[in-house]
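# Observations on chain architecture
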Amino acid sequence: MSPAPRRRWGLGARLLAAIVAVILVAAGTAWAVASAIGPEIFHDHMLMAQPSDSSVITHAEEAFTSAWRLALSLALLAALLTSVAVSVFLTRRIARSLERVRQAAAQVASGDYAARVPEVHMGAEFDDLAGAFNTMAADLGEIEQTRTRMLGDLAHEMRTPVATLDGYLEGILDGVVKADEPTLGMLREQATRLARLAQDITLVTAAGEGRLSMHWQPLQVGALIEDAAAQATARFTDKGVELRVEATEEARQTVLTADPDRLGQVLTNLLDNAVRHTPGGGRVQLGAQRTGSTLRLTVRDSGSGITAEHLPHLFERFYRADAARDRAHGGSGIGLAIVHSIVHAHGGAVTATSAGPGHGAAFTVELPVDAAQRPQSRST
């Protein structure tokens, strides 16, 4: 039978023991100094007084010794008692404050991310600790919500093509569906959708972990935007949405040190997002401007717009301003997260603005032009 574990001292008991130890050491030091110096000084003063009888000196020294020992003992005892009383009060208050943190941490550990630590007003350090803990709990709560939503959306995105593949393959095996060219093309399209979803998840995960590979080389902005527009033309034409390219000559001639494929993916995702939410007869503008050492790429549409409450979350993984609408249009909610990751890897920033539902939206990418501003990144 193993011995029972010894009970550990709490913080309050440790603080109190440390304070009492300090007081006892201070009292012992004071007693030793008084014993070594006090009698000698008193004896010297008595000799300087030149009393006629030596017994007077002896008696006076004995009286002095008794007096200072009694007075010092009472003073030290009073100091010890009052110090212990104050120490007990302080240690209990500190222990209560830390107990709140411990209880809140236990709640967070058990999955209750709504736990918060109130301000204890015991100095900036304790308030900073409470603030840092509350911020951590709030961030963990948001991460958990995002994770739950991500898993649900990921399951939905995979369920549709998997169900389609399974249904058609079963029909082919049963002889109900013919394995003709249109059917095989549709099956291949669903398989491609699954592969693209897996690639997107891998890409955004690698970017989030700082493992996004980049192949840096000189890139002319004019070629970048023309290639992006050319690749998107067929989809815009099929939906009846007008695509305009409006770029200044200075912006077109600008040369960036960048990864052409990654920036091309940024514009492709933004244009896909724009045409997805723009009805037939609408228009999308792809623009480029240069201001000093900053290149600004803009994709502006006349589509359904975005409410203000959704704007701060658009670049989160699997976030949808309108989940039902995006699923109907085939969006996975990863495209804008990929845009944010790639732009960030280039040392830039991406923002979204909208005047509200029905007033379209604009996505702006700002990139540093100077090669010296290019961030260091792993390349494979």
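Right above here is the structure, for reference.
Presented here is a report on the structure given in the accompanying data block. Worth saying up front: this structure is predicted, and the values here are computed from it rather than measured.

Below, the discussion takes up a positive patch on the surface. Among the surface-exposed residues, Arg92, Arg93, Arg96 and Arg100 lie close enough to one another that they form a single positively charged patch. Here Arg93 is to be found in helix α2 (residues 54-109). Judged by its relative accessible area of 31%, Arg93 falls in the partly exposed class.

Turning our attention to the nonpolar core. Formed by 45 residues in total, the largest nonpolar core has its most connected members in Leu297 and Phe363. Here this core gets seven residues from one element, more than from any other, and that element is helix α7 (residues 260-276). Built from parts of two domains, this core gets at least three residues from each of domain 2 (149-209) and domain 3 (217-368). Non-local contacts of Phe363, meaning those with residues more than four positions away in its chain, are made with Leu270, Asn273, Leu297, Thr298, Val299, Ile306, Leu314, Phe315, Leu336, Thr351 and Ala352.

One side chain can pair with another of opposite charge once the charged atoms of both are near each other. Scanning the entire structure with this criterion turns up four salt bridges. In this structure, Arg252 and Glu226 form a salt bridge, with 2.9 Å as the shortest nitrogen-oxygen distance. Taken together, the residues span a long stretch of sequence, with Arg252 in helix α6 (residues 249-253) and Glu226 in helix α5 (residues 221-239) at a distance of 26 residues. Assessed through its relative accessible area of 36%, Glu226 is described here as partly exposed.

So, on to α7. Taking 1.5 Å as the rise per residue, α7 with 17 residues should run 24 Å; its terminal C-alpha atoms sit 24 Å apart, in good agreement. A large share of α7 lies buried, amounting to twelve of its 17 residues. Three or more residues of α7 are buried, namely Arg262, Leu263, Gly264, Val266, Leu267, Asn269, Leu270, Leu271, Asn273, Ala274, Val275 and Arg276. Among the residues of α7, the N-terminal cap falls to Asp259, whose side-chain oxygen and the backbone nitrogen of Asp261 are separated by 3.0 Å.

Criteria and thresholds
- Residues numbered from 1 in each chain as written.
- Predicted model: local features only at pLDDT ≥ 70, side-chain atom pairs only at ≥ 80, totals over all residues.
- Heavy atoms only, no water.
- Patch = residues over 30% accessible without salt bridge, like charges linked within 9 Å, V, L, I, M, F, W, Y side chains within 5 Å.
- Areas by Shrake-Rupley, 256 points an atom, 1.4 Å probe, with all protein chains shown as cover.
- Salt bridge = Lys/Arg side-chain N within 4 Å of Asp/Glu carboxyl O.
- Lys, Arg positive; Asp, Glu negative; His and termini not counted.
- Charge placed at Lys NZ, Arg CZ, Asp CG, Glu CD.
- Helix = DSSP H or I, 4+ residues; strand = E, 2+ residues; numbered from the N terminus.
- Buried < 20%, exposed > 50% of the residue type's maximum accessible area, 1.4 Å probe, protein only.
- Core = buried A, V, L, I, M, F, W, Y, C linked by side-chain atoms within 4.5 Å.
- Domains from an automatic or database assignment.
- Contact = heavy atoms within 4.5 Å.
- Expected span 1.5 Å × (residues − 1).
- Polar contact = N/O pair within 3.5 Å; in protein donor to acceptor, adjacent residues only side chain to side chain.

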